[in-house]
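Secondary and tertiary structure notes
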Amino acid sequence: SNSFEPGSTYKPFTVAAGLEEGILNGNESFNCNGYEQYGSTRIHCSHRNGHGVITLSEVISLSCNDATMQIAQKEGKDVFTKYQKEFNFGSKTGIDLPGEADTSGLLHGADTMKDVDLATSSFGQSFNCSMIQMASSFSSLVNGGNYYQPHVVRQLQDDKGNVVRNVEPTLVKQTISKDTSDKLRKYMQETVESGTGKRGKLDDYTVGGKTGTAEKLPRGRGNYIVSFCGFAPVENPQVVVYVVADEIQEGSQQNTGVVVEMARNVLEGSLKELKVAKSSKK
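Quick caveat: nothing in here was measured; it's all calculated off a predicted structure.

It is worth spelling out the pattern of salt bridges at this point. Enumeration over the complete set of coordinates arrives at 12 salt bridges. One continuous salt-bridge network, built from bridges that share partners, spans Lys178, Asp182 and Arg185.

So this is what it looks like as structure tokens:
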């Protein structure tokens, strides 16, 4: 029911748009010097000293703002905003719960988007989303590109246990190709294996995901929302878990490790409860 700036959990969507449009092919490398300059405005990377030369997968696994901004520049405003809409950001999901946040006026259109807006939007700032928007869109990102209508329950029963109604999965649209989805799952597995989400590893399952850190408005006051969107198993995702923490009260507010661990624990319990077959790790 609330909306907020998602931060770096949006970066895989920026990369997805580039892959889908043929602007990226997966073999690119980028030089991160720690910032991008737009007129008098300098926008810094999460790594102030720069990541140096990194691959496309490392753009996601190391959460590089600089390279993500470079990708958005290649895409341009029309392509970028097209995929925001394709993934349903800015539109209600219609989930069967009251009070869903309306974010329709909280996204830039291509005609009003400035270069600085495109840059910051590429890594999930300067626009808002709700948790159900992100979870639904992220699911399509990792399941082969299938965007389903989200629901709260799968089945309704009466007081005697008789089935009143089954809620069948409803496919709304195809957001991206299976090939693009396969690449993104691999990149986000790297995030957990060796990147910013290392505390999300599980012994019995492969895990992928993306961390997010968004500085709240007004900027410069040191208040942050941190998040992690994780999924497992990587080879055939069965569960997506999205955890968001608003202004962590102990330690650094930018400590994404807290939400990564929470998501990991929920993933592990859910996979066991659903009796999902363990991953055969090589």
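Moving on: a nonpolar patch on the surface. Judged by side-chain polarity, Leu97, Val152, Val153, Leu156 and Val164 come together as a nonpolar surface patch covering roughly 420 Å² of accessible area. For Val153, the location among the structural elements is in the loop between β7 (146–148) and β8 (155–157).

A word on the environment of Tyr205. Inspection of the secondary structure puts Tyr205 in the loop between α6 (178–194) and β11 (208–215). Exposure remark for Tyr205: the relative accessible area of 4% places this residue in the buried category. When the C-alpha atoms of Tyr205 and Ser280 are compared, they prove to be 7.9 Å apart, with 75 residues separating the residues in sequence.

Moving on: the packing of aromatic side chains. In total, this model carries nine aromatic pairs according to the counting rule given. Summarising the aromatic geometry, the rings of Tyr10 and Phe89 are spaced 5.2 Å apart at their centres and angled 70 degrees between planes, so their arrangement reads as edge-to-face. Taken together, the positions of Tyr10 in the loop between β1 (3–4) and α1 (11–20) and Phe89 in the loop between α3 (65–86) and α4 (115–122) put the pair 79 residues apart, joining distant regions of the chain. Neither Tyr10 nor Phe89 differs from the other in exposure class; each is buried. A centroid spacing of 6.1 Å and a plane angle of 55 degrees characterise the contact between Phe138 and Phe231, whose relative ring orientation is tilted. Highlighted residues: Phe138 in helix α5 (residues 131–142) and Phe231 in strand β12 (residues 224–232), separated in sequence by 93 residues. Of the residues examined, Phe138 reaches a relative accessible area of 0% and is grouped as buried. The class for Phe231 is buried, based on a relative accessible area of 0%. Stacked on the ring of Tyr35, the Lys or Arg Arg42 has its end atom at 3.8 Å from the ring centre.

Cut-offs applied
Residues numbered from 1 in each chain as written. Predicted model: local features only at pLDDT ≥ 70, side-chain atom pairs only at ≥ 80, totals over all residues. Heavy atoms only, no water. Salt bridge = Lys/Arg side-chain N within 4 Å of Asp/Glu carboxyl O. Patch = residues over 30% accessible without salt bridge, like charges linked within 9 Å, V, L, I, M, F, W, Y side chains within 5 Å. Areas by Shrake-Rupley, 256 points an atom, 1.4 Å probe, with all protein chains shown as cover. Helix = DSSP H or I, 4+ residues; strand = E, 2+ residues; numbered from the N terminus. Buried < 20%, exposed > 50% of the residue type's maximum accessible area, 1.4 Å probe, protein only. Phe/Tyr/Trp six-rings, centres within 6.5 Å; stacked < 30°, edge-to-face > 60°. Lys NZ or Arg CZ within 6 Å of the ring centre and 35° of its normal.

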